[in-house]
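Overview (structure and organization)
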Amino acid sequence: LLDDIDFQWDMLDQWNDKYQELVEFKKKHGHLRAEYRSSLYVWQEVQRRKRSGTGGCIPHTDEQIRLLDDIDFQWDMLDQWNDKYQELVEFKKKHGHFNAERNSSL
């Protein structure tokens, strides 16, 4: 019965499926910032916990770390915050204000 509903027996298959979803998201949007609390956002948070060894998560394989690094996955959200801050500083220098378009990456 579980096979009839495409139950995923292998956790690695689930990880690979979500990773591919993240890769496609980046291709489409040019970044990895999924909507807050979306399944992709939650998955990224789990990956950060797995890397840090917190939350009782099974650690990443070396291959998983390499794959995430290859797409510039942000392991540390403080780094992402600092990157966005620098973008905002550059925007202000260029435009003289902080009124970015609603669909902007800022």
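The residue count restarts for each chain, going from 1 along the sequence in the order it is written. Reporting in this predicted model follows two pLDDT cut-offs: at least 70 for local features of residues, and 80 or more for side-chain atom pairs to be given and counted; totals over whole chains, interfaces and linings ignore these cut-offs and use all residues. As a rule here, side-chain values come from all non-hydrogen atoms in the structure, and water together with hydrogens is ignored.

1. So, the overall build of the chain
Operational definition: Only DSSP runs of H or I with at least four residues qualify as helices, and only runs of E with at least two residues qualify as strands; both kinds are numbered from the N terminus onward. Exposure classes here rest on a 1.4 Å probe applied to the protein chains alone. A residue is buried below 20% of its type maximum, exposed above 50%, and partly exposed in between. We call two residues in contact when some of their heavy atoms are within 4.5 Å. All accessible-area figures derive from a Shrake-Rupley calculation using a 1.4 Å probe, and residue coverage is judged against the displayed protein chains alone.
Along its length, the chain carries 4 helices and 0 strands. Buried residues in the chain amount to 24% of all 106 residues. Considering only residue pairs separated by 6 or more positions, the chain has 40% of its internal contacts joining residues 24 or more positions apart. With the model as given, the accessible surface of the chain reaches about 8,100 Å², and the carbon-plus-sulfur share is 52%.

2. Considering the environment of Phe73
Mapping Phe73 onto the fold places it in the loop between α3 (62–70) and α4 (77–95). For the pair Phe73 and Arg48, spaced 25 residues apart in the sequence, the C-alpha separation amounts to 9.5 Å. The contact partners of Phe73, leaving out residues within four places of it in the chain, are Leu22, Leu32, Gln44, Gln47, Arg48 and Leu68.

3. Quick look at the packing of aromatic side chains
Defined as follows: Aromatic rings from Phe, Tyr and Trp, taking only the six-membered ring of Trp, are treated as a pair when their centres fall within 6.5 Å; an angle between ring planes under 30 degrees marks them as stacked, one over 60 as edge-to-face, and anything in between as tilted. Put simply, a charge is over a ring when the Lys NZ or the Arg CZ is close to the ring centre, within 6 Å, and near the line of the ring normal, within 35 degrees.
One pass over the full model with this rule turns up 4 aromatic pairs. With a centroid separation of 5.3 Å and 5° between ring planes, the pair formed by Trp15 and Tyr19 is classed as stacked. Here Trp15 pairs with Tyr19, and both are found in helix α1 (residues 11–29), just 4 residues apart, close to one helical turn. Side by side, Trp15 and Tyr19 carry an identical accessibility label, which is buried. Judged by centre distance (4.8 Å) and plane angle (70°), the ring pair of Phe73 and Trp75 falls under edge-to-face. Here the aromatic cluster, defined as three or more aromatic residues joined through ring pairs, consists of Trp15, Tyr19 and Trp43. The cationic tip of Lys92 hangs over the ring face of Phe98; the distance from NZ or CZ to the ring centre is 5.3 Å.

Scope: geometric values only; no functional claims are made or implied.
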